[in-house]
Amino acid sequence: MEISADIHLTRHPDFVLDVEMTVQPQGITALYGSSGSGKSTLLRLLAGLERGTRKDRIEITSGKTVWQSEQIFVPPERRGIGFVFQQQQLFPHLSVQGNLDFALSRQHTEQNLEVNQVYDWLNLHSLLDKEISQLSGGEAQRVAIARVLLNGAKCIFMDEPLGSIDSPSRSRILPYLDRLHRNLQIPMVYVSHSYEEITYLADHLFVLDNGKITSQGSMLELCSSIELNSGEGDAAAVVIQCTVAKHDLDYRLSELDFEGANIFVNAEQYQVGDSLRVRIPAKDVSITTTRPGNSSILNILEVQIVSFEENSGPSVLVRLRRNKQFVLARITKKSLNLLDLQPGQTVYAQIKSVALLMESIDD
Amino acid sequence: MEISADIHLTRHPDFVLDVEMTVQPQGITALYGSSGSGKSTLLRLLAGLERGTRKDRIEITSGKTVWQSEQIFVPPERRGIGFVFQQQQLFPHLSVQGNLDFALSRQHTEQNLEVNQVYDWLNLHSLLDKEISQLSGGEAQRVAIARVLLNGAKCIFMDEPLGSIDSPSRSRILPYLDRLHRNLQIPMVYVSHSYEEITYLADHLFVLDNGKITSQGSMLELCSSIELNSGEGDAAAVVIQCTVAKHDLDYRLSELDFEGANIFVNAEQYQVGDSLRVRIPAKDVSITTTRPGNSSILNILEVQIVSFEENSGPSVLVRLRRNKQFVLARITKKSLNLLDLQPGQTVYAQIKSVALLMESIDD
Amino acid sequence: SAETVRIAVASNFHPTLTKIVQVLSKESDTKYVLISGSTGVLYSQISNGAPFDILMAADKVRPALLDTHGLIEPGSRMTYAVGRLALWVPGSTSPVNKSFLQNLQGNLAIANPEIAPYGVAAKELLRGIDLSKVRLVMGNNVGQTFHFVQTGNAQAGLVALSQVRHSEIDRRLFWPVDEGLHKPIEQQMVTMNQSAGTIEFSAFLITETATNIISNDGYRLPGSREN
Amino acid sequence: MIDPDLVSLTITLKLAAVTTFILFLIGTPLAWWLARTRHVAGFLVEPLVALPIVLPPTVLGFYLLILFSPNSGFGKAWASLTGSTLAFTFEGLVIGSVIYSLPFYVQPLQVAFSGVKQDLLDAAATLGAGPVDRFINIVAPVCRSGFVVAGTLAFAHTVGEFGIVLMIGGNISGETRVLSIALFDHVETLEYGRAHLMAAGLLVFSFTLLLIVYTLNRWQTGRSSSLGSGS
Amino acid sequence: MIDPDLVSLTITLKLAAVTTFILFLIGTPLAWWLARTRHVAGFLVEPLVALPIVLPPTVLGFYLLILFSPNSGFGKAWASLTGSTLAFTFEGLVIGSVIYSLPFYVQPLQVAFSGVKQDLLDAAATLGAGPVDRFINIVAPVCRSGFVVAGTLAFAHTVGEFGIVLMIGGNISGETRVLSIALFDHVETLEYGRAHLMAAGLLVFSFTLLLIVYTLNRWQTGRSSSLGSGS
Ligand SMILES: Nc1ncnc2c1ncn2[C@@H]1O[C@H](COP(=O)(O)OP(=O)(O)OP(=O)(O)O)[C@@H](O)[C@H]1O
Ligand SMILES: Nc1ncnc2c1ncn2[C@@H]1O[C@H](COP(=O)(O)OP(=O)(O)OP(=O)(O)O)[C@@H](O)[C@H]1O
Ligand SMILES: [Mg+2]
Ligand SMILES: [Mg+2]
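As the structure is a prediction and not an experimental result, all values here were calculated from the model.

> Whenever I open this one, the overall build of chain D confuses me. Can you help?
Broken down by element type, chain D carries 11 helices and zero strands. Its helices and strands in sequence order give chain D the pattern α-α-α-α-α-α-α-α-α-α-α, from N to C terminus. If you line up chain D on its principal axes, its C-alpha atoms span 60 × 45 × 30 Å. Expressed as a percentage of its 231 residues, the buried residues of chain D come to 57%. For chain D, restricting intrachain contacts to residue pairs at least 6 apart in sequence, the fraction spanning at least 24 positions comes to 72%. A total of about 8500 Å² of accessible surface is found on chain D, and carbon and sulfur atoms cover 73% of it.

What follows is the structure, encoded as structure tokens:
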């Protein structure tokens, strides 16, 4: 299901959404942007929950089907999509079970999804008999996610679904979402203002700013750009592609091949030869000019300095290349000067070992 | 305003809140716990938004005033508290300005708070004329926070207020909240499931698990315990107390004294001699047995190994002592064995420089 | 099967007619159905096609109008009773008579002269009497006028003699108004068709059995003198 | 022989039930439309719906009588279609009651409907529920109290309705003589004992009915909103 | 001389206005209590409020007449307190209309009130708003449509009210002869021309009034809920 949209919509008094985009039929597409940039509005338009007025120009197609044009409007219930709302919208007159049954009895497509497994992932078993008014904030959000998952949508839209979910639940849900779209081939459009969440999840990225798309492309390509990361502070990170080389079962560590170098990580659940994505936060990367020894840091890569971020703060992002892939390091300007780092120079990037995190780790 | 509570409340069918606690009259008290652990319920009881039934035992006092006992019930509007709700509750019939005016005209205490400054901090100027239905999720949450701040409460309760707020706004709001309670001496009770948020903000901590308090105490003391951190994965962190020693304006770095060692951080807005709290994530700390050189890492502390976490995973938390304070390091078991680390051994903790983050940094 | 005859009857005559029909039903197979209402309403309904066979009005105006519009059996219009007015003073300690009217205080209930024939008569009776001390309250029909007095909200009322008789009011508490003091309240009936049942009923109405019931209930019979 | 008052009771209940049912059929979508539309027509239809209340029922009845009469275009058309007239028939009473009770049914329901959050409907739509599905499975249960109040007002109002029925019904025993008219007749013809008995019976019956309906409604509402106010 | 129909119009409007105002004063707290209470009394009061609807107005009027009479305890007490009786006075009409219109005012409002989220009231309370403040500044504006519908039903119903007024009013021109009775009188006395004119006038007047009220309400509601449904 490939969704294309060409939208020009005005929201009184001063917000204009002006977007042309194509949601890839595979993987997770993230809409990223600050508060008020138009993420929810765009998502609601794609879902058919807003129609715009006569003055707006809205054209949305899904594959060869026109969802919205000047003449046509396919209502949301016939678009086969699922939607997790920013403010959860459970039906107050139904119990938790009732809400889930509502979704189950209206599946968009038949899905051989293990209902019990969804309950496991979202830890719902003890909640099924509760009334909606008896749920805590996080519990309600988990029910809302389950409701959409059980609905068998052909594409799932999520508007900041993890805002009120605690980190243990979050780390159970994130890899599940990842698996969901990979195994079931269900594309997802995921709205978030958390760069961290997005680097965990997204395959494709659209960055929205004040109603306009400022960058777009594959996450692997975009994420190492200094522009995208420079505003992110501690969240700055890259995603790299590695292959499983071998497992060390004693230490429960696996050796990954990253452009000829080794990276150690806990990945025992994968097969040797599997291709994995690994996220490296910039602040976890330090630079040495000589190969360090006697350190608890296992991951040391020989890399080449490509460029520096230009800014006035105390720290600086350094873009480092190893063959075709890039990592980012955030270091102080002081270190930059002390070590006298220059573009083109070959240095060692130390990566705090377990700071390497895969989207598929199940804690 | 010191709030004490002794609560035994049963929620049909199977939730029991059994808590005895005292909220310190200064600083930020955090209620931390997973989804459904009873954080919101406790906060609502303290605020007088829930009364319990006759079967429950609820005793709440504020200083010498009894807020709730078997005979007495002071309604929420006379407790002089402010409350930011988990699901924001703006008045739909009023504009943003109307909502803020509602709070301003009902101030609990007179406060010489700069209205415009609150608007600045929360970036509200362009929103004032909007209707509530026209706000994005994050905008609404910012208005809800402003509404409480302008209300001049003697104590502010916040129930996961930052869930739907993007990181730039968050990093503007967090230090402001910090300053607010320090300058205006307004205590805060802050509910969160984000350990990160809590290590940024909290002075005092209550950990709730399934309706019971499992640990409590000052953040500085509690935070270095392995028990508290071992479930937190990447969020594991300690907070340490340092003193500003000198400023290096060229690099915009300041030298902090931490138990006789130097820590470099951007803290130019503070005076030499100021006491600061610094947060050190465990995953940003690596261990070397010899003093490292030629590294971009500026902060290297000589420390003593105290203990290790016992677990079956690939990584391990190491508790390190420097005089009276502690830091945590998360390293792989592989490194632990390779370096042959033992309790009592003296090692070097490398801390990725700018991973040091103070709650008061204004990006 | 037996014929059904629907008789629309002014509310004030309804109790009397019930007695008559009871007697008649013993002698006849015909089923008589009574529909009571105010003459105005019944008139509107007949004008608009109501399935009534006989109308027994409280006045002669509406029957005459139906006559002119050709809605009735020609020549069927006849006066079946002449209503009489009574001054009823429930709380009275002295005998009630004409002079009582002069000294009346408080609420005096009469039927609305604009719609009810008993009201017209009352108005005539009161002409020339000083009413500065009384408050005239009007019932929409003579039935309501009766309620006003009966519930004690009006101290006196000009009601139908038939009503006080029917309610077995103490003889000393009312005065049957002399008929000379107002124009006679002629109650007329018309029939809308010539079925066996209507003919039977019209015939029965002038039998002695029927006329006795009528005069016992406080009506004068047409043609008879005051008694 | 059956007591004619019992016959009147039967007719009354039948009339009230049929009227409420018809109002349920036509008033429900009307209320929904009024609660949701932003179309200009809404501005005109809304006061039109309320209009029957301001005309005294007897007057409304009078105009309906004229409308139903075979002399009017409508009455003629009806007669040629069905072979009978509307005045003085049960069908005529139903039409009159529906018109008169329409606002009492539509307006409380409209208030309830406008309280339904669009967000809930959006959620239902994305779960695959079409408009009718949404209405039946979300709007209706969420607005149950509104339906109870609307239905009760309409039903009770039809039971107590008088003026219209008097005018267009013709007070025909066994056909159009409803309880309210029978009761009125008893008062008018000075049969007070009977009138008191009937009024008391009506009150007890209605009170019991209302008690049951409202208690069920309260109980249901209480169940789903539980004790506290939740989070 | 002033047209007596105009006098009736004035009295009618006055009666409707006073009745609606009194209902506003006593019906509003009653509706709020009914919407919020979990007390058992709510179970009994709720059907009691609805009860006046099922009694035909004329019958209700008849019982009021008995109640107002100096022979009854209430009538005696009233007379000794005020020196006058209630029957055939404007005050009496007001009492009758208030009783009869009570359910039409209370019930739609109750529906509106039960739609007010407790969370909003909680928010207002923690901002320092006491119960009255909360009611006036949160509940009332949020339930504006409910008030409009309740007020309209009560007002319109009093204008069209007929049976009770007929019974307890005594049809005194300039005091208790209201429009509905004047109109009915015209019909009864076959002054159809005048009746048509008056009915038409009443309809146009009411329609205009309702149009204004509902349009203002719609416009306000539209303003605050905007075009889209927001997030
Ligand atoms: N119904 C509306 N009428 C007018 N303006 C609106 C409306 N809904 C949203 N807006 C404005 O449109 C802009 C985009 O809103 P949107 O909800 O899409 O933001 P967002 O990117 O989802 O933000 P957040 O992360 O805070 O949820 C905001 O400035 C908002 O104020
Ligand atoms: N009204 C209620 N009736 C019965 N149980 C309730 C009620 N409200 C909450 N609960 C239950 O009480 C427990 C605590 O709820 P609470 O809202 O306090 O959790 P929380 O710690 O705030 O969680 P979260 O982080 O998800 O908001 C949960 O298990 C919840 O299901
Ligand atoms: Mg949003
Ligand atoms: Mg909570």
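> Can you help me understand the sheet that holds strand 2 (residues 31-37) of chain C in this one?
Sheet strands line up and pair through hydrogen bonds in the backbone, either parallel or antiparallel. Residue and element names in this part refer to chain C. Spatial ordering of the open sheet is given by 2-1-3-10-4, a layout of five strands whose pairing is mixed. The outermost strands of the open sheet, each flanked by one partner alone, are strand 2 and strand 4 (78-83). Strand-to-strand, the axes of this sheet are offset by a mean angle of 20°, without reference to chain direction. Relative to strand 3 (residues 54-56), strand 1 (residues 4-10) is paired through three bridges, and the arrangement is parallel. Bridging from a neighbouring strand, A8 pairs with L55 of strand 3. Lying on the sheet, helix 1 (residues 14-27) is in contact with strand 1, strand 2 and strand 3; it crosses strand 2 at an angle near 180°. Its contacts with the sheet put helix 2 (residues 39-47) on strand 1, strand 2 and strand 3, and the angle it makes with strand 1 is roughly 140°.

> Whenever I open this one, the site of ligand 1 confuses me. Can you help?
If you check the shell around ligand 1, you find 21 residues, and the closest are A:S40, A:T41, B:K130, B:S136 and B:G138. Bordering ligand 1 are residues originating from chains A, B and E. Measuring from a nitrogen atom of ligand 1, one finds a side-chain N or O atom of A:R11 at 3.4 Å. Between an oxygen atom of ligand 1 and a side-chain N or O atom of A:Q86, the distance comes to 2.9 Å. Within the complex, 97% of the 640 Å² of free accessible area of ligand 1 lies under protein. Within the residue set of the shell around ligand 1, elements represented by two or more residues are helix 1 (39-47) of chain A together with helix 4 (137-149) of chain B. Among the residues forming the shell around ligand 1, the class breakdown is one nonpolar, 15 polar and five charged.

> What exactly am I supposed to notice about the site of ligand 2 here?
In the neighbourhood of ligand 2, 21 residues make up the surrounding shell, with A:K130, A:S136, A:G138, B:S40 and B:T41 lying closest. Residue A:K130 places a side-chain N or O atom 2.5 Å away from an oxygen atom belonging to ligand 2. Note that an oxygen atom of ligand 2 is positioned 2.8 Å from one of the backbone N or O atoms of B:K39. Alone, ligand 2 offers 640 Å² of accessible surface; in the complex the protein occludes 97% of this. Here the shell around ligand 2 is composed, by residue class, of one nonpolar, 15 polar and five charged.

> So what exactly am I meant to see when it comes to the coordination of the magnesium ion (ligand 3) here?
Put simply, a metal with four donors set out as a tetrahedron has ideal angles of 109.5 degrees, and one with six donors set out as an octahedron has ideal angles of 90 or 180 degrees. Residues and elements named next belong to chain A. In the first shell of the magnesium ion (ligand 3), the protein supplies S40 (OG) and Q86 (OE1), at 1.9 to 2.3 Å from the metal. Here S40, found in helix 1, pairs with Q86, found in the loop between strand 6 (81-84) and helix 2 (96-104); they are 46 residues apart in sequence, far enough to count as distant. Assigned by exposure class, S40 and Q86 land together as buried.

> Would you take a moment to explain the coordination of the magnesium ion (ligand 4) for this structure?
Bound to the magnesium ion (ligand 4) on the protein side are B:S40 (OG) and B:Q86 (OE1), at distances that span 1.9 to 2.3 Å. For B:Q86, a relative accessible area of 18% gives the class buried.

> Before we go on, may I ask you to explain the packing of helix 2 (residues 96-104) of chain B against helix 4 of chain B in this structure?
The description of two packed helices rests on the angle between their axes and on the distance between the axes. Residues and elements named next belong to chain B. Look at helix 2 against helix 4: their axes get within 8 Å of each other, and the N-to-C directions meet at 25°. Regarding the angle of helix 2 to helix 4, the classification is roughly parallel. Relative to helix 4, helix 2 is oriented so that their crossing is right-handed. For the pair helix 2 and helix 4, the contacting residues are V96, N99, L100 and A103 in the first and V143, A146 and R147 in the second. Here the contact of helix 2 with helix 4 is composed, by residue class, of five nonpolar, one polar and one charged.

Reading the values: the criteria
Residues numbered from 1 in each chain as written. Chains lettered and ligands numbered in written order. Predicted model: local features only at pLDDT ≥ 70, side-chain atom pairs only at ≥ 80, totals over all residues. Heavy atoms only, no water. Helix = DSSP H or I, 4+ residues; strand = E, 2+ residues; numbered from the N terminus. Buried < 20%, exposed > 50% of the residue type's maximum accessible area, 1.4 Å probe, protein only. Contact = heavy atoms within 4.5 Å. Areas by Shrake-Rupley, 256 points an atom, 1.4 Å probe, with all protein chains shown as cover. Pairing = 2+ DSSP bridges. Axes fitted to C-alpha atoms, helices over the stretch in contact; angles between N-to-C directions. Near = heavy atom within 4 Å. Polar contact = N/O pair within 3.5 Å; in protein donor to acceptor, adjacent residues only side chain to side chain. Nonpolar A, V, L, I, M, F, W, Y, C, P; charged D, E, K, R; others polar. Donors = N, O, S within 2.8 Å, 3.2 Å for Na, K, Ca; no water. Parallel < 35°, antiparallel > 145°, perpendicular 65-115°, else oblique. Left-handed = near helix turned anticlockwise from the far one by under 90°.

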